[in-house]
Amino acid sequence: MSKVHNYSAGPCILPPEVMKKASESVIELDGIGLSLIEISHRSKEFVAIMEKARDLVRELLNVPDNYTVLFLQGGASLGFYQSAINYMKNDGGRGAYVDTGSWSNKAMKEAALLGEVVELASSKADNYQHIPKGYKVPSDVDYLHLTSNNTIFGTQFKSIPESDVPVLCDMSSDIFSKPIDVSKFDLIYGGAQKNMGPAGTTVYIVNKDSLGKTGRKIPSMLDLQVHDSKDSMFNTPPVFSIYVSMLTMEWMKSIGGMSAMQKRNDEKAALIYGEIDRNPLFKGTTAVEDRSTMNATFVLNDEAAHKERFDKLWNDARISGLKGHRSVGGYRASMYNALPVESVKVLVDVMKELERTA
Ligand SMILES: *Cc1c(COP(=O)(O)O)cnc(C)c1O
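Treat the numbers as computed from the prediction; the structure is a model and nothing was measured. (Residues numbered from 1 in each chain as written. Predicted model: local features only at pLDDT ≥ 70, side-chain atom pairs only at ≥ 80, totals over all residues. Heavy atoms only, no water.)

A. View of the sheet that holds strand β8 (residues 167–170). Across the sheet, seven strands lie side by side as β2-β10-β9-β8-β5-β3-β4; this open sheet has mixed pairing. Across the chains shown, the open sheet's two edge strands, defined by having one partner strand only, are β2 (67–72) and β4 (116–122). Averaged over all pairs of adjacent strands, the angle between strand axes in this sheet comes to 20°, irrespective of strand direction. Pairing of strand β9 (residues 187–191) with strand β10 (residues 202–207), which is carried by five bridges, proceeds in the antiparallel orientation. (Pairing = 2+ DSSP bridges. Helix = DSSP H or I, 4+ residues; strand = E, 2+ residues; numbered from the N terminus. Axes fitted to C-alpha atoms, helices over the stretch in contact; angles between N-to-C directions.)

Right, here's the structure in full:
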């Protein structure tokens, strides 16, 4: 199979060696005479996979001992509600949110079903082209909720605001892209399908000491303490997604873990943003200091003159998934962990070629 340069925003590219092993496991898992997807999740083979996946999250992200790592379902979209219901007080509950785009908006909408949503800051007025700064996190809220990387708008928090209250963070699109200080958060959650594996599981990294303080009744499937007490096996877990996530984490570890990922991702981001800034035919759509290393959004300065030719050039170069989200327009280059630097070089060459032949 000759490979396409896959810029998909999610589900997205995974390493070829992971794909190979994952596909083999569907036929037969590690010589056991059975497929990964036809054995019990309580078999010793799958329990070992679950434990390994959990250990790899701990090791790669340096997770403190009082935190639990869970592999649940429902995507980050259930996480919006699930994070709120585990932290928002039953009586007069209030959650503070920084509105940095569509995903944080959706998180606010779900939390509003449970209590008061306090919008601390928003960049909506400039179509989310920057990360709001200069606000103070109140101490009379139950938690602060952030979206670390705004997949659609191409912005990313470069530092986490000071806060006395628990910080909950949707890290769907930049988890595992760089080292993080887990102790600054009480809850981190993210769908697998951007840096970790195929869609189907959502990883939760939770400070156990922060749970069980809301005074509300929580349905079992949403209760993080229930899932923790059952080691993510309260019900049948999404075995394939967890297995492939485990393989991807092994891959990350084998090439040097989070510092190597960060180096690779910084290199790719420098290449693409360097060209966006240099090339007179293009411009970036976000504040330079808030640019995402995962999703680079950009537009043509003169669409009428250059769109048709640019689209042909990148299609001919076997680049896929470059079209921008409908709420931003233009282009979005999603450069998740598994996207090789070579793919970014191909895109940069196409942008140069457009300039040469314009
Ligand atoms: C993709 C994405 C989501 C949605 O994830 P689902 O798994 O589809 O629910 C939420 N938040 C962010 C930041 C995302 O990138």
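B. A look at the site of the ligand. In the region of the ligand, 13 residues are neighbours, and Ser77, Thr151, Asp170, Gln193 and Lys194 sit closest. Here an oxygen atom of the ligand sits 2.4 Å away from a polar atom, N or O, in the side chain of threonine 151. Here a nitrogen atom of the ligand sits 2.6 Å away from a polar atom, N or O, in the side chain of aspartate 170. Out of a free accessible area of 390 Å², the ligand has 87% covered by protein chains. Sort the elements by how many residues they give to the shell around the ligand and helix α3 (residues 75–87) lands first, with four residues. For the shell around the ligand, the residue count by class is three nonpolar, eight polar and two charged. (Near = heavy atom within 4 Å. Polar contact = N/O pair within 3.5 Å; in protein donor to acceptor, adjacent residues only side chain to side chain. Areas by Shrake-Rupley, 256 points an atom, 1.4 Å probe, with all protein chains shown as cover. Nonpolar A, V, L, I, M, F, W, Y, C, P; charged D, E, K, R; others polar.)

C. Examining the pattern of salt bridges more closely. Inspection of the entire model under this criterion finds 17 salt bridges. In this structure, aspartate 140 engages arginine 94 in a salt bridge whose closest nitrogen and oxygen atoms are separated by 3.2 Å. Here arginine 94 lies in strand β3 (residues 94–99) and aspartate 140 lies in the loop between β4 and β5 (143–147), a separation of 46 residues in the sequence. Among the residues examined, arginine 94 registers a relative accessible area of 22% and is labelled partly exposed. We note a salt bridge from aspartate 277 to arginine 291, for which the minimum N-O separation is 2.9 Å. Remark: arginine 291 occurs in the loop between β11 (282–284) and β12 (295–300) and aspartate 277 occurs in helix α7 (residues 257–278); sequence separation between them is 14 residues. Linked through salt bridges whose partners overlap, the residues forming this network are Arg94, Glu116 and Asp140. (Salt bridge = Lys/Arg side-chain N within 4 Å of Asp/Glu carboxyl O. Buried < 20%, exposed > 50% of the residue type's maximum accessible area, 1.4 Å probe, protein only.)

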